[in-house]
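Close look at the chain arrangement
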Amino acid sequence: MSPAQWDLPPELCCRPMAFVALTGLDVVYNAIHRAIWDAFCTNRRADRVPISFKVLPGDHEYPKCRTKRTSYEWYIPKGILKTGWMNKHLNLVPALVVLFYELDWDDPQWKEKQSECATKVEIVRTSLQGRNTKVAVVLIQKKTPLPPGEDLVASERASALCGACDLSGKSLFVLPHTDHLVGYIIRLENAFYEHAQTYYYNEIRRVKSHKEFLNKTTHQLLFVRHQFKMGFFSELKQDTQNALKYYRTAYSLVHELRAHETNMLEIKTMAGFINYKICRLCFQHNTPLDAIAQFRKHIDLCKKKIGSAELAFEHTAWMSKQFQSFGDLFDEAIKLGLTAIQTQNPGFYYQQAAYYAQERKQQAGQLCSHEPGVGYPAPDPLETPTGALDFYGQRPWRQGHQSIDPPDSEKEKQGILALQVKERDVLHSELIIALLSNAVAQFKKYKCPRMKSHLMVQMGEEYYHAKDYTKALKLLDYVMCDYRTERWWSLLTSILSTALKCSYLMGQVKDYITYSMELVGRGLLIVYKVDIVICDCQNEVPEPEPDCDPASVKMAQSLWSDRISLAGNNEFTIEVQDYVPFVQCKAKFLYPSFHIDEPVQLHVYVRADCPHPVRFSKLCVSLSNQEYNQYCLLEDASKEQDILEPSTQENMCLVPGKTRKYCFKFVAKTEDVGKKIEITSVGLMLGRETARYVYLNWRGGWGDAASSHETLQASRSFKRRTRLPEQQLDWDTVTIQSSTMIISRVPKISVQLTHEPPALTNEMYCMIVTIQSEEDTVAKDIKLTAGLKPGQDANLTQSTQITLNGSEVCDDSHPALLPDIPLGDLQPGQKPLYIHCVSTGSRILLFHVAYSVSATVEGKDITCKCHKDETVTLETVVPFEVAMKFVSSKFEHLERVFVDIPFLLMMDILSASPWPIELVNSEVQLASSMTAIDQPQSQVEGVTLQTSECASECFLLKCPPVQNGTSTVASGHYFISWKRKSAFAETSVVRTIVILPHVMVENIPLYVHAELPSFGRVRESLPVRYHLENRTGLVQDVEIGVEPSDAFMFSGLKQVRMRILPGTEQEMLYNFYPLMAGYQVLPQLNISLLRFPNISGQLLRRFLPSRIFVKVTF
Amino acid sequence: FLICVAIRANYPLYIRSVPTQGELKFHYTVHTSLDVVEEKISGVGKALADQRELYLGLLYPTEDYKVYGYVTNSKVKFVIVVDSSNTSLRDNEIRSMFRKLHNSFTDVMCNPFYNPGDPIQSKAFDSIVSTMMVQAC
């Protein structure tokens, strides 16, 4: 009995297929036969009929058929199912024997061949004596057969052959050996399949017919057997629905059997077989729920059928196998397309199988721990004459025995002993691990990470029991971190203690220390051996862990001493962020920033959670700038051996639950100004450098795998921070400050700005910077950087210029920021600056004063660079606005000007500046298209404008003729020289240029102007002379009329039509006689040009005065 | 036997089992059952977020015991494990047990001196659990 004794027999697990034997084929020497055979057995895909073929010699002996029983009356069955039965029907007894014979219809020796064939058929029939196996003949022919009915010879000879061989016509086939061999073969095998089905159908009927002879008292076993057989035949027949039905009946019958200790195994074995078949068929029919329900029922029924208590392990082994094979079936069904879910997947069955395997191991441990003297019994009670059992599930020493009591109690004892001895040699751990890893694979697939971890823990523990510590440790280490992050300390504790044993037994010093540190630490529920760490740090082999295999302990001890003696093997660095060690650490800088002239202060808080005091030998902090590390080091001064002796270094001992604070101080280097100093790690050394030591390393200065949660809890906590006695600190209140900035010394100077905002556009705006030193010592190398603060709008940079020289106006070559204006040593004084803002808007100006000064910190002289920044926001506004307009000599607004007719250009200068502005000068620079009539002189020179005051001036201009009637011409530029009138500083004159607007110039065909006195008197003649000037090269017809007026009487032509020659002037003289005093409207002169109808009288009237002042005469 | 647990953020706030031997095994069982709870929460969350049934029912079958789950709206999980042979406890009884647990848990949370996330050390909660255990066994 091998360990595989519980495995299901392969003939049970395979898919039953109809068995057809082929005879008469010489596959070794005959190429044609070989080809036929290959066509049968290769490429058997799912679309071909399920037949298993076998080539047998013509005179093959088939299993003998027992003589048929006519009555079951005196028959007592010896068991449920013979071990050979399934194999017999799968591989030995064919449903059909096919005889291949080479014979053409027109064979010259037809008669001889026919009788030879008949003989061969007869031989086969004889060897199948008593069986219902069918026989068929296939004639291998060289010629392609004619269509049926055409070859008369063939049909005649076929019937003759059938007669000779005693065959029905359906059992004779022809196989022409031509090109389409595979096609013929497929047709042949379909025909064979039909024959086979008939055979199995008959077999089922035959078995069924036995039923009426059976009685319930003596033939209970046979009921099960027959049902099973019918199910099996149905499967061979590929009738799975009926097979399932038969198996289900068989299953219920098997549980109706009278069960007792002697036949328990047989019943369970058969129940297992039938259950397997049912589940398999259910999965095949795609009814997985039926399969699961059947399996549950099966387990519930069989769970309590333990059988012999001395062989309890057999029951658990069997149970384990049941679960395993169901898991296999389930998994196979999934591979074929079934979908499983998280709560119902094969993993659970493998897990349960593993659980029973563990039970089995435990029971085997209890039942099979015989004294060393007890050996394997001789003669071997498990030996059988045939080497195998007759019936499934029976005991080899009492085969066929079906009564309640064993026939021979001595034999029984020997048998049980033999089984127990065998069980002792079974490698249980291997079985368990294989099952567990199957389950792990399944749970991984179905999203059960915790189940997976749990199984991996079990695997690890099993490896530990199997003494494969490396694998055990690997698995445990892998899952440990999951449990740590999930904060299931109770589970972590148990895993850790197993891991600790493993590492001890393997002599893995570092792992051993890590695990023991975590076990001693906080969070874990058990109080572990407390001296372990202290002992660790001695250069000795630690005490063995309890419950370890003594042999392994010995090995481990030698391993340990080997390792210890090796140099360089006794220092370990443990990165704590992956663990929860028993020492906690927090490091912080006292402030987020330190000035360069004060010492940087760093506090390290250390606390132990283990139950006993711990002493350490070194505490060191490493910072991002390693040069400071030397200042942050605490070392045990006594380099002596004995660590347990109370040393003078009292503060290097950690008392459980108390927080210790270590302070470090150092002076930062001047190069580090503006840089960040970070705590990269804090290291705590336990043990001695001379012996073994462990270096705990807190990256970033604090924190292990549990601290983030603890910090969160502490922050939520309602607990009052009770004031602890001197020097004691509440751990939770210590906050982390793992980096600090070194910033420059606070400058002791003052920077003052004097100016008069806002600045005016284009002005040289003066700002006076006053620097006052309040330093104790000389401030050296004072440098001023002044100008536009960087980082503002790019347009501002272009429109702002800074200079120290205020006498001339800046241009674009001047920078927006004037850097490093050297001011020498300690010269508190003023510095005027001029700013030229071309555009309006606000801008931020920066004044940066840098200097160096020497200082003394902690007895060290350092030169500190200090700087002070001052910024000011400067608003720039437009100083004044210039409005320009063209007006006629009558101060009427002009849309356009007329050639050679004088007009006025008027400027209005409106001050917008909050400060008084002095207009130094103004000047018009005319374009070539304009001429001044008189000498244009500034009329605003020396005028001072207060806020919102306005200054105006005007210039009389004239346009020379233009080419083509109308055109737009440029007028020129207007210059205003001005300056801010300020008592504060000397200001320079600024010249602002204003571009004069363009104006439309138009030719006019007729120019009219009037000559009249400046005033008239009532009832005194007022002579008015109108001049009409033809400005075209054409003769013009002009119609002139004067409208009557109430205020005037007049003499002259009232209405006239005349011609004016080109370039000439016509005078019209009127004598007006005013009747009323005051401003009077002159009689309106209507002029119409017949040639230019678009020039209206209205337009021309613009050139003429419309009113006159009439004085009263006395 | 019966054990019950209150779990927050997947670590136990309260875990108690009767009898106490083999405790570790039950801890593992509870821990692994969280797989199913998480899966159920994420599955339900999609469909009906508001009217979620707090009682999750039987989480997964094992040979020897039944594991039931219950999740509050703030994702605090309760797990009860009972012996499979204990037929006196049907779905309704389990449901009412969970409801009692939930009520008691709410009381614990209402305690201003309780720091959410700390292990539960309330005597009232303890006694509720004890009475349930007595009833069940």
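Residues numbered from 1 in each chain as written. Chains lettered and ligands numbered in written order. Predicted model: local features only at pLDDT ≥ 70, side-chain atom pairs only at ≥ 80, totals over all residues. Heavy atoms only, no water.

What follows deals with the overall build of chain B. Counting its regular elements, chain B contains 3 helices and 5 strands. Counting from the amino terminus, chain B carries its helices and strands in the arrangement β-β-α-β-β-β-α-α. Scored against the burial criterion, the 137 residues of chain B give a buried share of 48%. If you take every contact in chain B between residues at least 6 apart in sequence, the share linking residues at least 24 apart comes to 51%. Accessible surface, chain B as shown: approximately 6300 Å² in total, 55% of it carbon and sulfur. (Helix = DSSP H or I, 4+ residues; strand = E, 2+ residues; numbered from the N terminus. Buried < 20%, exposed > 50% of the residue type's maximum accessible area, 1.4 Å probe, protein only. Contact = heavy atoms within 4.5 Å. Areas by Shrake-Rupley, 256 points an atom, 1.4 Å probe, with all protein chains shown as cover.)

Moving on: the overall build of chain A. Looking only at helices and strands, chain A features 23 helices and 47 strands. Taken over 1114 residues, chain A has a buried fraction of 49%. The contacts in chain A between residues at least 6 apart in sequence include a share of 75% that link residues at least 24 apart. Element-wise, carbon and sulfur atoms account for 52% of the exposed surface of chain A, whose accessible area totals about 53500 Å².

This next bit is on the interface of chain A and chain B. The partner chain B presents 30 residues to the 29 residues of chain A that form the contact. Summing the contributions of chain A and of chain B, the shared interface buries around 2700 Å²; its carbon and sulfur component is 55%. The partner of arginine 450 of chain A in a salt bridge is glutamate 38 of chain B, and the shortest N-O contact between them spans 3.6 Å. One can count 2 residue pairs in polar contact (both at pLDDT 80 or more) joining chain A with chain B. Mapped by element, the contributors of at least two residues to the side of chain A that touches chain B are α10 (288-302), α12 (346-367), α15 (449-465), α16 (469-486), α17 (489-506) and α21 (707-716) of chain A. Looking at which element gives the most residues to the side of chain A that touches chain B, the answer is α15 of chain A, with 5 residues. Along the lines of polarity and charge, the residues of the side of chain A that touches chain B split into 13 nonpolar, 9 polar and 7 charged. (Buried area = accessible area lost by both parts, 1.4 Å probe. Salt bridge = Lys/Arg side-chain N within 4 Å of Asp/Glu carboxyl O. Polar contact = N/O pair within 3.5 Å; in protein donor to acceptor, adjacent residues only side chain to side chain. Nonpolar A, V, L, I, M, F, W, Y, C, P; charged D, E, K, R; others polar.)

So, about the pattern of salt bridges. Taken as a whole, this structure holds 18 salt bridges over all chains when the rule is applied. With a shortest N-O distance of 3.6 Å, lysine 335 of chain A and aspartate 331 of chain A are connected by a salt bridge. Here lysine 335 of chain A and its partner aspartate 331 of chain A are both found in helix α11 (residues 312-335), 4 residues apart, which amounts to about one turn of the helix. By relative accessible area, lysine 335 of chain A is classed as exposed at 67%. Of the residues examined, aspartate 331 of chain A reaches a relative accessible area of 12% and is grouped as buried. Via salt bridges that share partners, Arg450 of chain A together with Asp35, Glu38 and Lys77 of chain B belong to a single interconnected network.

Turning our attention to the side chain of histidine 89 of chain A. Residue and element names in this part refer to chain A. Tracing the sequence through the fold places histidine 89 in helix α3 (residues 85-92). Among the residues examined, histidine 89 registers a relative accessible area of 3% and is labelled buried. Contact partners of histidine 89, with chain neighbours within four places excluded, come to Phe19, Tyr200, Phe233 and Leu236.

Let us now look at the pairing of strand β41 (residues 1036-1042) of chain A. All names here are of chain A. Burial analysis of β41 places 5 of its 7 residues in the buried class, which makes it a mostly covered element. One ladder, built from 6 bridges, connects β41 with strand β43 (residues 1055-1060); its direction is antiparallel. Within β43, the residue paired with valine 1038 across the bridge is methionine 1058. Examined bridge by bridge, β41 and strand β46 (residues 1085-1089) share 5 bridges and lie antiparallel to one another. Each bridged residue has a counterpart across the sheet, and for valine 1042 the counterpart in β46 is leucine 1085. (Pairing = 2+ DSSP bridges.)

Okay, unusual backbone geometry next. Residues and elements named next belong to chain A. Positive phi is not limited to glycine here, since aspartate 166 has a value of about 60°. Position of aspartate 166 among the secondary structure elements: in the loop between α5 (152-165) and β5 (172-176). The exposure class of aspartate 166 is exposed, given its relative accessible area of 59%. A positive phi angle is found at glutamine 238, which is not glycine, with a value near 65°. Within the secondary structure layout, glutamine 238 lies in the loop between α7 (220-236) and α8 (240-254).

A few words now on the packing of α15 of chain A against α17 of chain A. All names here are of chain A. Between α15 and α17, whose axes approach to 11 Å, the crossing angle comes to 35°. Considering only the axes of α15 and α17, their crossing is left-handed. Every residue of α17 that contacts α15 at Val457, Glu461 and Tyr464 is listed here: Ile495, Thr498, Lys501, Cys502 and Leu505. By residue class, the composition of the contact of α15 with α17 is 5 nonpolar, 1 polar and 2 charged. (Axes fitted to C-alpha atoms, helices over the stretch in contact; angles between N-to-C directions. Left-handed = near helix turned anticlockwise from the far one by under 90°.)

Before going further, it helps to examine the environment of isoleucine 513 of chain A. Residues and elements named next belong to chain A. If you trace the backbone, isoleucine 513 turns up in helix α18 (residues 509-520). Isoleucine 513 sits in the buried class, given a relative accessible area of 1%. Along the sequence, isoleucine 513 and serine 503 sit 10 residues apart, while their C-alpha atoms lie 9.0 Å from each other.

Below, the discussion takes up helix α9 (residues 264-284) of chain A. Between its first and last C-alpha, α9 of chain A extends 30 Å over 21 residues, near the 30 Å set by a 1.5 Å rise per residue. With 20 of 21 residues buried, α9 of chain A is to be regarded as a mostly interior element. (Expected span 1.5 Å × (residues − 1).)

A few words on the confidence of the model for chain A. When pLDDT is averaged along chain A, the result is 79, and 87% of the positions lie at 70 or above. A low-confidence stretch, residues 525-537 of chain A stays under pLDDT 50, and its non-local contacts, those more than four residues away or across chains, total 34 contacts. (pLDDT = per-residue confidence, 0-100.)

Quick look at the confidence of the model for chain B now. Residue and element names in this part refer to chain B. For chain B, the average pLDDT comes to 77, and 84% of its residues sit at 70 or higher. When the elements of chain B are averaged for pLDDT, strand β1 (residues 2-8) gives the smallest value, 64, and helix α2 (residues 91-110) the largest, 86. Across the interfaces of the predicted complex, the ipTM metric reaches 0.86, alongside a pTM of 0.67.

Residues and elements named next belong to chain A. Mapping leucine 654 onto the fold places it in strand β13 (residues 653-654). Along the chain, leucine 654 and aspartate 609 lie 45 residues apart, while their C-alpha atoms are 9.2 Å from each other. The contacts of leucine 654, once residues within four sequence positions are left out, are Val583, Val606, Ala608, Pro613, Val614, Phe616, Arg660 and Tyr662.

In this section: the pairing of strand β5 (residues 77-83) of chain B. All names here are of chain B. The element β5 is extensively covered by neighbouring structure, given that 6 of its 7 residues are classed as buried. Alignment of strand β4 (residues 65-71) against β5, held across 7 bridges, turns out to be antiparallel. Pairing of lysine 66 across the sheet is with valine 82, part of β5. In this structure, the hairpin formed by β4 and β5 is closed by a connection of 5 residues, where lysine 75 is found at a positive phi of approximately 65°.

The next thing to look at is the packing of aromatic side chains. Residue and element names in this part refer to chain A. One pass over the structure, following the stated rule, counts 40 aromatic pairs over all chains. Ring plane angle 65° and centroid distance 5.4 Å describe the contact between tryptophan 85 and phenylalanine 232, whose orientation is recorded as edge-to-face. Pair noted here: tryptophan 85 is in helix α3 and phenylalanine 232 is in helix α7, with a separation of 147 residues, a long-range link. Each member of the pair, tryptophan 85 as well as phenylalanine 232, is classed as buried. Taking the centre distance of 5.8 Å and the plane angle of 70° together, the rings of tyrosine 1026 and tyrosine 1070 count as edge-to-face. (Phe/Tyr/Trp six-rings, centres within 6.5 Å; stacked < 30°, edge-to-face > 60°.)

Residue and element names in this part refer to chain A. Spatially, 4 strands are ordered β38-β40-β44-β42 in an open sheet, and the strand pairing comes out antiparallel. Whereas interior strands pair on both sides, the edge strands pair on one side only; in this sheet they are β38 (1006-1011) and β42 (1048-1051). Sheet twist, expressed as the mean angle between neighbouring strand axes with direction ignored, is 25°. Direction of pairing for β38 relative to strand β40 (residues 1022-1030): antiparallel, over a ladder of 6 bridges. Pairing of alanine 1010 across the sheet is with tyrosine 1026, part of β40.

By definition, the strands of a sheet pair up through backbone hydrogen bonds, in either a parallel or an antiparallel sense. All names here are of chain A. Pairing in this open sheet of 3 strands is mixed, and the strands run β39-β47-β45 from one edge to the other. For this open sheet the edge positions go to β39 (1015-1017) and β45 (1078-1081), each flanked by a neighbour on one side alone. On average, each strand axis in the sheet is inclined to that of its neighbour by 40°, with strand direction left out of account.

Within an α-helix, residues lying three or four positions from one another point in the same direction, as the helix has 3.6 residues per turn. Residues and elements named next belong to chain A. Its 24 residues place the ends of α11 35 Å apart at the C-alpha level, agreeing with the 34 Å of an ideal helix rising 1.5 Å per residue. Along α11, 21 of the 24 residues are buried, which leaves the element largely enclosed by surrounding structure. Where α11 ends, the next residue or the one after it, glycine 337, has phi of about 120°, a positive value.

Let us look at the nonpolar core. Residues and elements named next belong to chain A. Judged by nonpolar contacts, the single largest core of 200 residues is most densely connected at Phe228, Ile274, Val604, Leu619 and Leu696. Examining the composition of this core, we find that 12 residues originate from one element, α9, more than from any other. Contact partners of valine 604, with chain neighbours within four places excluded, come to Cys585, Lys586, Ala587, Leu619, Val621, Arg660, Lys661, Tyr662, Phe664 and Val682. (Core = buried A, V, L, I, M, F, W, Y, C linked by side-chain atoms within 4.5 Å.)

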